[in-house]
Amino acid sequence: MSGSLFALIGDPVEHSVSPQMFNEAFRHLGLHSHLYVGLRITPRELGQFAAAVRLLGIRGFNVTIPHKQRVMSHLDSLDRGASRVQAVNVVDNRRGKLKGFNTDVTAIMKLLKPHVHASDRAVVLGCGGAARAAAIALLELNCSEQAFVGRRLKTLKPMARFAKQRGIDASTLKFGSDELKRCISSADILVNATPVGMYPNINRTPIDREIIPKHAVVFDMVYNPAETRLLRNAKARGNRVVGGLDMLVTQAAEAFRIWFSENPPIEVMRRAARRSLEEFRG
Ligand SMILES: NC(=O)c1ccc[n+]([C@@H]2O[C@H](COP(=O)([O-])OP(=O)(O)OC[C@H]3O[C@@H](n4cnc5c(N)ncnc54)[C@H](OP(=O)(O)O)[C@@H]3O)[C@@H](O)[C@H]2O)c1
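Residues numbered from 1 in each chain as written. Predicted model: local features only at pLDDT ≥ 70, side-chain atom pairs only at ≥ 80, totals over all residues. Heavy atoms only, no water.

(A) Molecular detail of the overall build of the protein chain. For the protein chain, the helix and strand inventory stands at 10 helices and 12 strands. Taking 19 Å as the expected radius of gyration for a compact globule of 282 residues, we find that the protein chain reaches 19 Å, a close match to that expectation. Long-range pairs, those at least 24 residues apart, make up 66% of the contacts in the protein chain between residues at least 6 apart in sequence. In the protein chain, which carries 41 positive and 25 negative side-chain charges, the distance between the mean positions of the two groups comes to 3 Å. (Helix = DSSP H or I, 4+ residues; strand = E, 2+ residues; numbered from the N terminus. Rg over C-alpha atoms; globule rule 2.2 N^0.38 Å. Contact = heavy atoms within 4.5 Å. Lys, Arg positive; Asp, Glu negative; His and termini not counted. Charge placed at Lys NZ, Arg CZ, Asp CG, Glu CD.)

Shown next, in the form of structure tokens:
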């Protein structure tokens, strides 16, 4: 197989673990002429980058903050998940035609599928891009009753609009409200889609241990550290848990499947991700 170039674009990209995950996978499979690079691209440079992808035949790229929405105007088509969430994190280049995917959605679906039942109630902490991906993934799993928790009406209102437009039976709540405790206590699925608990603030948790619902599955999207305080608390209370590192590796593995139409060496990618997160923490 001839060599191919892959990239992650974003701003910043310096601390991303994607280059390590993909380059380790390439090495493991003997694909020595494939290379994955992180590229800092500003919003103004996005159009030029898309032109360069077509011109140079860059085989595929991942997209991170702040380009997940903006990149869509430079693509030829979108898959169902990307179209529903209106955000793209993977682009596949087939002979100059660029197609956008959202493997955050597919990763969340894969990880939550064993735990979710059709009439479950979900509480999603956060109103950003990750919360939107969770909302669509849960909807695809037929979990349509969802509550979103935020700090400000400015972000809660658009989140509610986004969800309702897609047929989600959505409600919104503010962090710290009494209503929140009540709502969380009856949740079947609790998703943290905020950065609370992320390195270096590893002792923080988005909700207190006492209000973690008894029978819920608790999914924390934070991947650094792999076991957050929220997950530790939930495990100690006997809850089932899903971690952000699994999501990080699964979304990358789904990108690999899109580009290569074959299964990736997931454990190699997981080890590479863990190692580079440890190096980052020093
Ligand atoms: N594991 C994975 O593969 C994966 C994939 C995607 C994202 N993530 C993680 O998910 C988290 C969210 O990412 P995102 O892309 O959705 O970011 P985002 O678009 O910036 O949204 C972040 C959300 O968290 C809220 N928030 C931030 N700080 C908070 C605090 N101290 N207390 C309460 N709420 C707070 C924000 O509230 P405001 O609206 O009030 O600012 C916003 O609603 C990040 O930690 C990211 O690393 C993980």
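(B) Looking closely at the site of the ligand. The immediate surroundings of the ligand are formed by 21 residues, with Cys127, Ala130, Arg152, Met221 and Gly244 found nearest. Within the side chain of Arg151, one N or O atom sits 3.0 Å away from an oxygen atom of the ligand. For the ligand, a nitrogen atom lies 2.9 Å from a polar atom in the backbone of Gly244. Of the pockets mapped on this structure, the ligand occupies the largest pocket. Elements with a contribution of two residues or more to the shell around the ligand: helix 5 (129-140) and helix 9 (244-260). The leading source of residues in the shell around the ligand is helix 9, at three residues. In the shell around the ligand, the residues fall into 13 nonpolar, six polar and two charged. (Near = heavy atom within 4 Å. Polar contact = N/O pair within 3.5 Å; in protein donor to acceptor, adjacent residues only side chain to side chain. 1 Å grid on protein atoms, 1.4 Å probe; cavity = no way out; pocket = protein on both sides within 12 Å on 5 of 7 lines; lining within 4 Å. Sits in = over half its atoms within 2 Å of the grid points. Nonpolar A, V, L, I, M, F, W, Y, C, P; charged D, E, K, R; others polar.)

(C) Quick peek at the state of the cysteines. Per the stated rule, a full pass over the model turns up zero disulfides. With no disulfide of its own, Cys127 has Cys183 as its nearest cysteine by sulfur position, at a separation of 13 Å. Note on Cys127: relative accessible area 13%, which makes it buried. Cys143 supplies the cysteine sulfur nearest to Cys183, a cysteine that is in no disulfide, at a spacing of 12 Å. Cys183 sits in the buried class, given a relative accessible area of 11%. (Disulfide = S-S within 2.5 Å. Buried < 20%, exposed > 50% of the residue type's maximum accessible area, 1.4 Å probe, protein only.)

(D) Here's a closer look at the pattern of salt bridges. For the coordinates displayed, the defined rule picks out 15 salt bridges. With a shortest N-O distance of 3.1 Å, Arg54 and Asp76 are connected by a salt bridge. Note that Arg54 is positioned in helix 2 (residues 46-56) and Asp76 in the loop between strand 3 (60-63) and strand 4 (77-78), a separation of 22 residues in sequence. Residue classification places Arg54 among the partly exposed residues on the basis of a relative accessible area of 33%. (Salt bridge = Lys/Arg side-chain N within 4 Å of Asp/Glu carboxyl O.)

(E) Examining the pairing of strand 1 (residues 5-10) more closely. The buried count for strand 1 comes to five of six residues, which makes it a mostly enclosed element. Relative to strand 2 (residues 35-40), strand 1 runs parallel, the two being bridged by six bridges. Each bridged residue has a counterpart across the sheet, and for Gly10 the counterpart in strand 2 is Arg40. Read from strand 1 through helix 1 (residues 18-28) to strand 2, the crossover connection turns out right-handed. Two elements, strand 1 and strand 3, share four bridges in a ladder whose sense is parallel. Bridge pairing in strand 3 places Ala7 opposite Phe61. (Pairing = 2+ DSSP bridges. Right-handed = clockwise from strand over helix to strand, strands pointing away.)

(F) Examining the packing of aromatic side chains more closely. Under the criterion given, the structure shown has 10 aromatic pairs. With a centroid separation of 4.6 Å and an interplanar angle of 5°, the aromatic rings of Phe22 and Tyr36 are classed as stacked. With Phe22 in helix 1 and Tyr36 in strand 2, this pair connects stretches of sequence that are 14 residues apart. Judged by relative accessible area, which is 1%, Phe22 ranks as buried. A ring pair is formed by Tyr199 and Phe280, whose centres lie 5.7 Å apart and whose planes are at 65°; its orientation type is edge-to-face. Here Phe280 lies in helix 10 (residues 266-281) and Tyr199 lies in the loop between strand 10 (189-192) and strand 11 (217-220), a separation of 81 residues in the sequence. With relative accessibility at 30%, the residue Tyr199 sits in the partly exposed group. A relative accessible area of 35% means that Phe280 is categorised as partly exposed. An aromatic cluster is built from Phe6, Phe22, Phe26, Tyr36, Phe256, Trp259 and Phe260, whose rings are joined through pairwise contacts. In this arrangement the basic side chain of Arg132 is found over the ring face of Phe162, its NZ or CZ atom lying 5.1 Å from the centre. (Phe/Tyr/Trp six-rings, centres within 6.5 Å; stacked < 30°, edge-to-face > 60°. Lys NZ or Arg CZ within 6 Å of the ring centre and 35° of its normal.)

(G) Examining the packing of helix 4 (residues 103-112) against helix 5 more closely. Direction vectors running N to C along helix 4 and helix 5 enclose 50°, while the axes themselves pass 8 Å from each other. Between helix 4 and helix 5, the angle is such that the two are oblique. Crossing geometry of helix 4 relative to helix 5 is assigned as right-handed. On helix 5, the residues that touch Asp104, Val105, Ile108, Met109 and Leu112 of helix 4 are Ala133, Ala134, Ile136, Ala137, Leu138 and Glu140. (Axes fitted to C-alpha atoms, helices over the stretch in contact; angles between N-to-C directions. Parallel < 35°, antiparallel > 145°, perpendicular 65-115°, else oblique. Left-handed = near helix turned anticlockwise from the far one by under 90°.)

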